[in-house]
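This is what each chain is made of:
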Amino acid sequence: MPSEPQRQGSSQVYDYTEENGYSGDQRSLRSRRVSARVSNQNYPQFNWNSTPAEEDEGGDNSGQTRDLRSSPLPMALKRAVWQVQQMQVPVVSSRESWKWKKAKSLRKLKDNTKEFLYFFALWRKSLQKIGGNFGGGVQSFFLFLRFLVVLNFVSFLLIAGFVLIPSIIFRSVETGLVNSTGPEECMQYDPNPQGLVVFYKYFLDLLSGTGFMEYSYMFYGYYSNTMVDDRNFSYNIPLAYLFTAVFYFVFCLICIIARMGTAARVAVATGGSAVGNYSMIVFTSWDYGCLGDRATKLKQKNIHYRLQVDLEEESIKRKAAALTLTQKIILYSLRVSVFFVALGLIGAAFYGIFVATVFSQERSGQEGILGLIFEYLPSIVITTGNFLVPLLCDQIALIERYTPSTTVIVALLRAVFLRLVSLGVLLFTLWRQITCEGNTESGDCKLCQYNYKAYPCWETRIGQEMYKLTLFDLLINIAVLVLVEFPRRMVVDNWSCKLAQWVGRQEFVVPSNVLGLVYGQTVVWTGALFCPLLPLINAVKFVILFYCKRITLFQNCRPALRTFRSTTSNFFFLVVLLFGWGLATVVMVYSVAVIHPSMSCGPFRFFANMWLVVPTSFYNLSQTTQEFLFFIGSQAFSIPLCVLFCVVLCYFVALASVYGKSVALLRTQLKLEGRDKQFLVKQIEMLSRQLQIPKPTAEAQD
């Protein structure tokens, strides 16, 4: 019967062992093919007798056990192994059984928590749609925006819990103190409007932060120097205000570094090269949880964009490698010339900001619409420079011929230098006027150590400037969406003129948009000490920006002609954000430690500088607490701690070096394996031509 040989052959196949081979001496051709197919799969030998407790314990009884999820087995075989393990009754002690149940419960709780958080993730479906239609580069911008929204909201909760709510409670019971130790001229500050106020004046005050907005919980000047000391409860508003600001900056730094670590791991995993990224895309990028045609098509588009980026990168690198020496000299000369042109444009923008700030401060007392224009003049000049200069730099940078990812990084460096230093120019101009150009012993600064005539509460004035920059940036984004981007799309879609078709729909330029977020967050960090509610305003602003950018992306933009890799860009976005954090930290440290606080407002009106509240509060503690804090700050504690940190750091550096060398060796081995395979394929082709062996076809195989 024809079925008997087949049954016998199949039994011979499954009775195969590595030591003894097949039990029969003769095998059919079909059985040889089946056995070769089975043996070539190289499945790992999974221990079917291992119990779940042994899998979790990883003891010596089960040998080299492996996690079923990470085992390279087919899904059907994994399911069969899992079913067999579930049917087995492990013979373990009560302690091991309890540990296994505990580990299983914790793992289940962890998985359920991840699924719950993923379901309630902010803008999850929108981000999936953006990544599918416009690629990972554009999606990385919106992920960055979501990160900043969460960061600002959590920061506001921190400030509200330790400063805002206690201040509201203590002000309701009138426990504030009044400064009566300084000169009378330094304590004259009354921002409340006198008499009747025209209705439109409230609107102007809302935009400029003056009037009823100036003396509110929005700004530094409204917070009092309340110190509550009871037998059962004590609270120091100045100390809480300062420590909350410091912890706010530390919290933001920790969040940025943690996110940078995640982005860096992805960049290291790909090796910073298109080859590693290509392998990850091919073997690990598909999401098997995609349900429905829409999600599947979005994921396909996302993978298509990522492959397109890698191919474009490699194409540009090959063209750059093929350049002659003369062409390289010309290219580098052009890049140096473009660098100096861009530097000149940025310098001109800085000078314009300096002149506009001086002019605005000299005419800040005017009323009406003209006064509002003078108030917003620095913001207008900064926004104009931040829009025009990067646009011109991008146009002249077309001759540099960088790769897409390098172009993004260069554009970010130029734009971040412009935006952050322009903010620094504004702060430097304000500092010159507050401190009488750094000489507090001359002119109007001699009596109060600051210019009390022009700035009776200088902290509130800086907070107002940061508030106006934040609000003006939001208004400009909305105005550009309504007055520029929508009309451009309507003209391009409904007008067949050559000029309109040449202009076309706009592209979503990721570098400029990311720099807008970094600039806005830097402004908030700079003004958080002087405007405590600024993180809440910025969180609301970023939420509005998300929907505005999403609308303009799907309605007004076309997919970018030049894409870039989001793997390295995500990390670089956070590096740029870290630069902004550094600038804001310098401003905060200088304001806390050097400049004399205003004597007429704020929680630090008693002190020569804000930091003096810390030693003053320290000496009010108990003797035991003082001795403990002295010990922590002494050399007996700090030197061993520093030595321990150095040892741990050296260990991790050595570990990273060993891992780096191992990764380099593995990459070299992969390259050699690839070359060997190419060599063998060429040899096979040569032998096939010499022996005239026909190539197998599909019909022959069938």
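Residues numbered from 1 in each chain as written. Predicted model: local features only at pLDDT ≥ 70, side-chain atom pairs only at ≥ 80, totals over all residues. Heavy atoms only, no water.

**Focus: the environment of Val 355**
Structurally, the position occupied by Val 355 is in helix 11 (residues 325-362). Take Val 355: its relative accessible area is 39%, and that puts it in the partly exposed class. The spatial distance from the C-alpha of Val 355 to the C-alpha of Pro 378 is 8.8 Å, given a sequence separation of 23 residues. (Helix = DSSP H or I, 4+ residues; strand = E, 2+ residues; numbered from the N terminus. Buried < 20%, exposed > 50% of the residue type's maximum accessible area, 1.4 Å probe, protein only.)

**Concerning the nonpolar core**
If you look at the biggest cluster of nonpolar residues, it comprises 114 residues, and the most contacted ones within it are Phe 142, Phe 144 and Trp 525. If one sorts the elements of this core by residue count, helix 6 (residues 124-172) sits on top with 18 residues. Aside from chain neighbours lying at most four places away, what touches Phe 144 is Arg 259, Val 514, Leu 517, Val 518, Phe 573, Leu 574 and Leu 577. If you look at the next biggest cluster of nonpolar residues, it comprises five residues, including Phe 170, Tyr 235, Ile 237 and Ala 240. (Core = buried A, V, L, I, M, F, W, Y, C linked by side-chain atoms within 4.5 Å. Contact = heavy atoms within 4.5 Å.)

**Regarding the side chain of Arg 605**
Counting through the fold element by element, Arg 605 comes out in the loop between helix 19 (566-593) and helix 20 (613-618). Among buried charged residues, Arg 605 stands out as having no salt bridge; its nearest opposite-charge side chain is Glu 459, 9.4 Å away. Of note is the side chain of Arg 605, whose polar atom sits 2.8 Å from the backbone oxygen of Gly 602. (Lys, Arg positive; Asp, Glu negative; His and termini not counted. Salt bridge = Lys/Arg side-chain N within 4 Å of Asp/Glu carboxyl O. Polar contact = N/O pair within 3.5 Å; in protein donor to acceptor, adjacent residues only side chain to side chain.)

**Quick look at the packing of helix 15 (residues 458-494) against helix 17 (residues 510-527)**
Interaxial distance between helix 15 and helix 17 falls to 9 Å at its minimum, and their mutual angle equals 155°. Relative to helix 17, helix 15 is oriented roughly antiparallel. Judged by the sense of rotation from one axis to the other, the crossing of helix 15 with helix 17 is left-handed. In this structure, helix 15 uses Met 466, Leu 469, Thr 470 and Asp 473 to contact helix 17, whose residues at the interface are Gly 516, Tyr 519, Val 523, Val 524, Thr 526 and Gly 527. Grouping the amino acids of the contact of helix 15 with helix 17 by side-chain chemistry returns five nonpolar, four polar and one charged. (Axes fitted to C-alpha atoms, helices over the stretch in contact; angles between N-to-C directions. Parallel < 35°, antiparallel > 145°, perpendicular 65-115°, else oblique. Left-handed = near helix turned anticlockwise from the far one by under 90°. Nonpolar A, V, L, I, M, F, W, Y, C, P; charged D, E, K, R; others polar.)

**Looking at the pattern of salt bridges**
Where charged atoms of side chains with opposite charge meet at close range, the side chains can pair. Under the definition given, this model contains three salt bridges. Glu 465 is the partner of Lys 468 in a salt bridge, and the nearest nitrogen-oxygen pair spans 3.3 Å. Of this pair, Lys 468 and Glu 465 both sit in helix 15, three residues apart, which is roughly one turn of the helix. Residue classification places Lys 468 among the buried positions, given a relative accessible area of 1%. Since its relative accessible area comes to 2%, Glu 465 is described here as buried. The shortest N-O distance in the salt bridge between Lys 541 and Asp 473 comes to 2.8 Å. Residue Lys 541 is located in helix 18 (residues 534-556), and its partner Asp 473 is located in helix 15; the two are separated by 68 residues in the primary sequence. The exposure class assigned to Asp 473 is buried, which follows from its relative accessible area of 11%.

**Quick notes on the packing of aromatic side chains**
What the rule picks out here adds up to 21 aromatic pairs. Pairwise contacts between aromatic rings join Tyr 215, Tyr 217, Tyr 220, Tyr 222, Tyr 223, Tyr 241 and Phe 604 into one cluster. Against the face of Phe 554 rests Lys 129, its NZ or CZ located 4.9 Å from the ring centre. (Phe/Tyr/Trp six-rings, centres within 6.5 Å; stacked < 30°, edge-to-face > 60°. Lys NZ or Arg CZ within 6 Å of the ring centre and 35° of its normal.)

**A look at the environment of Trp 431**
For Trp 431, the position within the fold is in helix 14 (residues 404-434). Accessibility expressed as a relative area gives 24% for Trp 431, which makes it partly exposed. A C-alpha to C-alpha distance of 9.7 Å links Trp 431 and Trp 458, two positions 27 residues apart in sequence. When neighbours within four sequence positions are excluded, Trp 431 is seen to be in contact with Glu 437, Gly 438, Tyr 590 and Ile 595.

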